[in-house]
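Descriptive structure summary
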Amino acid sequence: MSVLAEIISGVREDLAARRKPLSQIHDAMAAAAPVRDVLPHLRRKQLSVIAEVKRSSPSKGALAEIADPAQLARSYELGGASAVSVLTEARRFSGSLQDLDQVRAAVNIPILRKDFMVDEYQFFEARAHGADIVLLIVAALSQEQLHDFFHLTRELRMRALVEVHTQDELERAVAIEPDIIGINSRNLKTLEVDPAVFATLLPEIPEEIIRVAESGIANSDDAHKAHAAGADTILVGEALVKDGNPELALRKMIEHG
């Protein structure tokens, strides 16, 4: 079983344990803050950054304690982040929906719920907790699921970051006509990182689609290289949560990129 398959199995178990009647979720959705559209935040001349609240990962283990995710998110906003990504997967990333709630209450920029979205319920749940963007991992979904989940996301007025790692996955992503495609240099099935993926796949994304470079961006030089390869946006987690001054580190990435 691949790492991705193991993670999804755990996600389904945890979802079954917390699932509530849809009537409760719909009530929470009605009470949630209106969706903030991320597209205007990402469509700008200079490099934009989605800064991530990330405690741990399957490849690196524990990264940072992050006792106050709201404070970290505020530093991201002050540093010029276009959006904040919040890991909500518990077993491998030590995240939670409570982190999402705290970040939503702390910042005014769009929020990405970063999780393994494999069940329709999770999309209603994301909106109920104030998410503006959700992640769709092509490798984790059939083409029918990818299509249906993308359109459900739009029905809920959120945006989808459609993540790919290979040429085949990119072709599948382009077929649903998304607004945002992310190239992940880390293969989630093996956890191996291949920085060359950015240079290979980013130029293949149609110009009207926002291009995001994900994983393996450790410093300003990496940010510059990703931007030079064609990225409009970078998604950065580990480098920022491990930095003693994430606001300054973020500013440097934006300026250098």
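Figured I'd write up the structure that's included with this text. Worth saying up front: this structure is predicted, and the values here are computed from it rather than measured.

Let us look at the packing of aromatic side chains. The relative placement of two aromatic rings is captured by the distance of their centres and the angle of their planes. Taken as a whole and judged by the stated rule, the model has two aromatic pairs. Ring geometry for Phe 93 against Phe 116: centres 6.0 Å apart, planes inclined by 35°, an arrangement best described as tilted. Taken together, the residues span a long stretch of sequence, with Phe 93 in the loop between β4 (83–87) and α5 (97–106) and Phe 116 in the loop between β5 (111–114) and α6 (120–128) at a distance of 23 residues. For Phe 116, a relative accessible area of 5% puts it in the buried group. Centroid distance Phe 123 to Phe 149: 4.8 Å. Interplanar angle 40°. Geometry classified as tilted. Placement of Phe 123 in helix α6 and of Phe 149 in helix α7 (residues 143–155) is noted, with a sequence separation of 26 residues between them. Exposure remark for Phe 123: the relative accessible area of 0% places this residue in the buried category. The ring of Tyr 121 has Arg 19 sitting right over it, with the charged end atom 5.0 Å from the ring centre.

Attention shifts here to the side chain of Lys 114. By secondary structure assignment, the location of Lys 114 is in strand β5. Classification of Lys 114 as buried rests on a relative accessible area of 12%. Among the polar contacts made by the side chain of Lys 114, one reaches the side chain of Glu 52 at a distance of 2.8 Å.

Rules of the game
Residues numbered from 1 in each chain as written. Predicted model: local features only at pLDDT ≥ 70, side-chain atom pairs only at ≥ 80, totals over all residues. Heavy atoms only, no water. Phe/Tyr/Trp six-rings, centres within 6.5 Å; stacked < 30°, edge-to-face > 60°. Helix = DSSP H or I, 4+ residues; strand = E, 2+ residues; numbered from the N terminus. Buried < 20%, exposed > 50% of the residue type's maximum accessible area, 1.4 Å probe, protein only. Lys NZ or Arg CZ within 6 Å of the ring centre and 35° of its normal. Polar contact = N/O pair within 3.5 Å; in protein donor to acceptor, adjacent residues only side chain to side chain.

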